[in-house]
Amino acid sequence: MALIANTTASSFLVLICFFTFSLHTATTEACHRTDRKALLDFKSKISYDSAGLLQTWNQSTDCCTRWEGVACDSNGRVITLARAGSENPGEVDAYMVGTISPSLGKLKFLRYLDLSNLIQLSGPIPPELGKLSHLTAIFFYTNQLEGPIPASFQNLRKLDRLYLSENRLSGTIATNFFQHMSNLSELVIYDNQISGGIPTIDNLVQLTRLNIQFNNFSGSIPSTIGFLKNLDSLSLAGNRISGSIPTSIGELSKLKYLFLSRNSLTGSIPSSISKLNFLDICALSDNKLTGSIPALIGKLTALRFVMLENNMLTGKLPKSLGNLTSLDHFSANNNRLTGRIPSSFSNLVNLENLDLSRNGLSGPIPSELVKLNASLQTLDLSFNPLSLVKLPSWISIMKLQRLSLARTGLIGGLPKGLSSMSLLYLDLSSNMLAGALPSWIGNMTKLNSLNISNNRFYSNIPIEIKNLSDLRDLDLHLNNFTGGLSSIFSKDRNLFHYSYIDLSRNKFVGRIDNIGNLGEMDSLTTLDLSDNHLQGPIPQSLGKLSRSLNTLKLEKNGFTGGIPSAVINLLSLSKFNVSYNKLTGKIPPHKTTFPASSFEGNSGLCDSPLPPCKTG
């Protein structure tokens with residue numbers, strides 16, 4: 001009995017001790033009170049938390065062990081704050097409405113701060129965050145933050161990653177801003193409104209990613225850019241940067257991605273670019289670059305994308321481009337290139353997109369390009385003096401999806417070889433093609449876009465065009481087509497709806513009574529029927545296109561009657577012209593302001609913006 005009593009007493013004592021310890025654990029704060037208060041103050045500045053990202057943050061629980069997105073060190077000091085919004089499609093929307101509390105500057109042991117992709121987080125970035133000397137990462141991207149990047153950030157000497165992209169930040173960055181940030185490896189502040197020159201960055205020798213594109217930076221690219229030996233990605237596109245591309249760019253031996261497009265760069269493409277052996281993407285488009293394409297570019301066999309369009313490049317296309325056997329996309333359109341297309345392009349067995357349009361290239365197109373049958377999807381040679389006369393027969397066996405040969409000297413009828421192709425997009429505009437539109441056009445059932453404008457076609461539109469059920473954009477303007485429009489305005493199937501129709505400057509006749517009731521018209525944005533011989537009233541049914549139609553041009557026809565109020569008040573309508581018809585009556589009141597020229601040439605029309613209607 002004594003043994004049982006002693007055992008019972010011992011067990012009771014153990015139970016008492018366990019209860020006391022448990023109670024002590026439950027009531028003792030592991031999280032430092034200063035950090036707790038700072039975090040609660042941050043929560044108080046959030047007026048709406050869509051996914052309850054902060055719902056576990058309350059006074060009765062330990063912020064180190066129970067608050068989601070918070071982590072502490074062994075001393076109960078907060079070292080991580082990560083409450084990012086959802087980025088993957090299909091996830092529950094997670095966003096916050098509110099501002100960043102300056103109290104976060106009291107989390108003096110914080111190392112990692114992620115408040116990215118919260119969408120509606122607004123206001124300035126608190127300068128107090130510059131006190132967080134242990135910070136290694138800041139992620140504030142995809143919010144609505146505004147104002148300058150705090151000058152106090154210069155004190156963040158341990159910072160490794162700084163992501164402030166997709167906000168509304170403005171102001172300038174001091175030249176010496178990054179003077180003490182030698183540990184910085186990723187600087188990403190694209191899509192803001194930051195201006196001024198590019199600050200000194202030649203000391204950022206650990207930098208692997210520099211992305212400041214789509215801001216308002218001006219001045220030149222630092223000549224010391226070559227010091228950044230570890231740089232993998234350089235993105236300066238979409239700014240106001242001028243001057244030349246520094247020769248030192250060739251020293252970036254690890255560079256894979258180069259984005260300098262949409263600036264005001266001048267001078268030539270430096271031949272030193274040929275030293276970038278790992279270069280995958282080279283985007284230099286939309287600048288003012290001159291000179292020729294360096295022949296040494298052919299050494300960059302890792303290149304997959306080359307974008308040189310919209311510059312002032314001259315000379316011939318280097319034959320060495322044929323060495324770039326990994327190339328997927330090459331665009332040099334809208335330059336001043338001359339000579340022939342090198343037959344060596346046939347070696348580009350992975351090439352999917354080739355755009356050389358709007359240059360001074362001469363023909364013929366090398367037949368060797370047929371070797372790209374398995375890969376090439378887009379071929380655009382438009383607006384070059386190729387003097388083709390006929391479509392090369394080998395093109396018809398290509399597996400192209402997009403073919404553009406506008407103003408390349410084609411003559412005769414529509415090339416029948418097209419009927420066997422599976423084209424989605426065809427542009428043969430501004431040639432000298434003539435004759436009737438053949439019935440086999442109906443065999444091109446995959447067409448999304450057809451442009452044969454500015455040619456010499458005549459005849460009625462064949463009924464077979466109704467088979468083009470995928471057609472969204474149709475441009476037949478400036479030809480001599482005749483007959484009615486019923487075959488165009490009704491498809492056999494309504495799988496795809498029209499977006500753009502331009503039938504202007506032809507000889508079409510008849511009425512368009514039912515056009516707005518057709519299902520395939522409910523996504524139409526542009527309808528241009530001007531300068532034909534159409535007649536009858538402007539159909540009331542056009543008023544049903546209020547959500548989409550922004551351009552309606554009916555001038556120089558024979559339309560009669562009044563202007564339907566529902567038509568002139570189409571919700572999206574910004575361009576409207578019914579001049580030089582036979583319209584009568586009072587112009588209905590309308591919300592959008594149209595000039596008087598949109599109504600002139602109709603002797604029976606009156607009221608604003610024309611003179612008032614006569615009374616009595």
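Residues numbered from 1 in each chain as written. Predicted model: local features only at pLDDT ≥ 70, side-chain atom pairs only at ≥ 80, totals over all residues. Heavy atoms only, no water.

The protein has the name Leucine-rich repeat-containing N-terminal plant-type domain-containing protein in an unreviewed UniProt entry, where Papaver nudicaule is given as its organism. As stated in UniProt under Sequence similarities (unreviewed entry), the record for the protein gives "Belongs to the RLP family." (UniProt positions renumbered as here; feature names shortened; annotations may be inferred.)

## Here we look at the sheet that holds strand 32 (residues 456–460)
Strand order in the open sheet formed by nine strands is 28-30-32-34-36-38-40-42-43, and the pairing between neighbours is parallel. Each end of this open sheet is capped by a strand with a single partner; those strands are strand 28 (411–412) and strand 43 (604–606). In this structure, strand 40 (residues 558–561) lies alongside strand 42 (residues 582–586), joined through two bridges in parallel fashion. When the bridges of strand 42 are listed, Gly561 appears paired with Leu583. (Pairing = 2+ DSSP bridges. Helix = DSSP H or I, 4+ residues; strand = E, 2+ residues; numbered from the N terminus.)

## Let's talk about the packing of aromatic side chains
According to the stated counting rule, one finds 13 aromatic pairs in the structure shown. Between Phe177 and Phe178 the ring centres are 4.9 Å apart and the planes differ by 75°, which places this aromatic pair in the edge-to-face class. Geometrically, the ring pair formed by Phe330 and Phe345 is edge-to-face, given 6.0 Å between the ring centres and 80° between the ring planes. Of this pair, Phe330 sits in strand 22 (residues 329–331) while Phe345 sits in the loop between strand 23 (336–340) and strand 24 (353–355), placing them 15 residues apart in sequence. No difference in accessibility class separates Phe330 from Phe345, as the two residues are buried. Cluster of aromatic residues (ring-pair linked, three or more members): Tyr112, Phe139, Tyr141 and Tyr163. Cation over ring: Arg358 sits above Phe383, and NZ or CZ is 4.0 Å from the ring centre. Against the face of Tyr425 rests Arg402, its NZ or CZ located 4.0 Å from the ring centre. (Phe/Tyr/Trp six-rings, centres within 6.5 Å; stacked < 30°, edge-to-face > 60°. Buried < 20%, exposed > 50% of the residue type's maximum accessible area, 1.4 Å probe, protein only. Lys NZ or Arg CZ within 6 Å of the ring centre and 35° of its normal.)

## Things to note about the sheet that holds strand 23
Here we have three strands laid out as an open sheet, ordered 21-23-25, and parallel in their pairing. Two strands bound the open sheet, and with one partner strand each, they are strand 21 (314–316) and strand 25 (360–362). Sheet twist, expressed as the average angle between the axes of neighbouring strands with direction ignored, equals 15°. Of the pairings in the sheet, the one linking strand 21 to strand 23 comprises three bridges and is parallel in character. Looking across to strand 23, one finds that Thr314 is bridged to Arg336. (Axes fitted to C-alpha atoms, helices over the stretch in contact; angles between N-to-C directions.)

## Re the UniProt feature "domain: Leucine-rich repeat-containing N-terminal plant-type" (unreviewed entry) in the protein
Using the residue numbers shown here, the UniProt feature "domain: Leucine-rich repeat-containing N-terminal plant-type" (unreviewed entry) corresponds to residues 34–73. Secondary structure content for residues 34–73 is 28% helix and 18% strand, and the end C-alpha separation is 14 Å.

## Overview of the state of the cysteines
Taken as a whole and assessed by the stated rule, the structure comprises three disulfides. Here Cys31 is linked by a disulfide to Cys63, with a sulfur-sulfur distance of 1.7 Å. Because the torsion about its S-S bond is 90°, the bridge between Cys31 and Cys63 counts as right-handed. Of the two residues, Cys31 sits in the loop between helix 1 (2–27) and helix 2 (33–44) while Cys63 sits in the loop between strand 1 (46–49) and strand 2 (70–72), which places them 32 residues apart along the sequence. At a sulfur-sulfur separation of 1.8 Å, the disulfide partner of Cys606 is Cys613. The disulfide joining Cys606 to Cys613 has a torsion of about 85° about its S-S bond and is therefore right-handed. (Disulfide = S-S within 2.5 Å.)

## Details of the side chain of Ser116
Positionally, Ser116 belongs in the loop between strand 5 (112–114) and strand 6 (119–124). Filtering out sequence-adjacent residues up to four positions away, Ser116 remains in contact with Ala84, Gly85, Glu87, Phe139, Phe140, Tyr141 and Asn143. (Contact = heavy atoms within 4.5 Å.)

## A look at helix 2
The terminal C-alpha atoms of helix 2, which comprises 12 residues, lie 16 Å apart, in line with the 16 Å expected from a rise of 1.5 Å per residue. All of the buried residues along helix 2 are Asp35, Arg36, Ala38, Leu39, Leu40 and Phe42. On the buried face of helix 2, the contacting elements are strand 1, strand 2, strand 3 (78–82) and strand 4 (96–99). (Expected span 1.5 Å × (residues − 1).)

## Quick word on a nonpolar patch on the surface
On the surface, Val389, Ile411 and Met432 cluster together into a nonpolar patch covering about 230 Å² of accessible area. Relative to the helices and strands, Met432 resides in strand 30 (residues 432–436). (Patch = residues over 30% accessible without salt bridge, like charges linked within 9 Å, V, L, I, M, F, W, Y side chains within 5 Å. Areas by Shrake-Rupley, 256 points an atom, 1.4 Å probe, with all protein chains shown as cover. Salt bridge = Lys/Arg side-chain N within 4 Å of Asp/Glu carboxyl O.)

## Digging into the pairing of strand 42
Look at any regular strand and the pattern is simple: side chains alternate between the two faces of the sheet. As paired strands, strand 42 and strand 43 are joined by three bridges and run parallel to one another. Paired with Gly585 across the bridge in strand 43 is Leu605.

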